[in-house]
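So the chains spell out like this:
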Amino acid sequence: GNSELGLTSRIEELKSQLRNLEEEIGFLRARNAELAKKYEVKRVEDEERVKGLVDQVNGMKRELESSRRQKDGSEAKLEKKVEEVTETEMQLKSLKEETEEERNRLNEEIEYLKGENEKLHTRIAELDSLNM
């Protein structure tokens, strides 16, 4: 009978251990589920953050590209303006030269006409003295 009693108490002890283990397993399962949920939330958050950063980077790239195009456009416009100014300066120079030539020609003509005028005055004076 004694060994039977010992066996019974041993069985009870093992059952109790088993209950404890099952409880612990239940607790661990719950904890595991909780961690899995937290991990999933964090994974989704991280994914969102990564996506956000990628979008930000792409946006910055587009801005940079747009700025680069604007700069190229501005440089091209500036070059065109410089060419226009240079051309205008050349036209002005050539106009100045033409004006200078014209002025010289007119001066020569004026000198010539002065000379002719002088001759006419002399001729008139001669004729007047003959009439006297």
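Look up: the structure comes first, before these words.
Only a predicted model underlies this, so the values are computations on that prediction, with no experimental measurement involved.

Student: Now, about the overall build of the protein: what can you tell me, with residues and values included?
Tutor: Of regular secondary structure, the protein possesses 1 helix and 0 strands. In terms of overall dimensions, the protein is more spread out than a globule: its C-alpha atoms have a radius of gyration of 56 Å, far above the 14 Å expected for 132 residues. In terms of its C-alpha atoms, the protein occupies a principal-axis envelope of roughly 190 × 15 × 10 Å. Per-residue burial for the protein yields a buried fraction of 1% across its 132 residues. Accessible area for the protein stands at about 12900 Å²; split by element, carbon and sulfur atoms hold 57% of it. Where the 26 positive side-chain charges of the protein centre and where its 34 negative ones centre are 10 Å apart.

Student: Which residues make up the pattern of salt bridges, and what values go with them?
Tutor: Under the defined criterion, the tally for this structure stands at 18 salt bridges. Among the ionic pairs, R69 bridges to E65, the shortest N-O distance being 3.9 Å. A residue pair is termed a helical-turn pair when its members lie 3 or 4 positions apart in one helix, as R69 and E65 do in helix α1 (residues 2–131) at 4 residues. Taking relative accessible area as the criterion, R69 reaches 53% and is therefore assigned exposed. Notably, a salt bridge pairs E111 with K114, separated by 3.8 Å at the nearest N-O pair.

What counts as what
Positions within a chain are numbered from 1, following the residues in the order the chain's sequence is written. Confidence filtering applies because this is a predicted model: local features only for residues at pLDDT of at least 70, side-chain atom pairs given and counted only at 80 or more, and all residues used for totals across whole chains, interfaces and linings. Heavy atoms throughout the structure, all of them, feed into the side-chain values; hydrogens and water do not. Here a strand is any run of E in DSSP of at least two residues, a helix any run of H or I of at least four, and the numbering for each starts at the N terminus. Values of the radius of gyration come from C-alpha atoms, whereas the globule rule sets the reference at 2.2 Å times the count of residues to the power 0.38. Buried means the residue's accessible area, taken with a 1.4 Å probe over protein chains only, is under 20% of the maximum for its type, while exposed means over 50%, and partly exposed covers the values in between. To be clear on the numbers: accessible area is Shrake-Rupley with a 1.4 Å probe, and residue cover counts the displayed protein chains and nothing else. Neither His nor the chain ends is counted toward charge; the positive residues are Lys and Arg and the negative residues Asp and Glu. The atoms used to mark charge sites are NZ of Lys, CZ of Arg, CG of Asp and CD of Glu. Salt bridge, as used here: a side-chain nitrogen of Lys or Arg that lies within 4 Å of a carboxyl oxygen of Asp or Glu.

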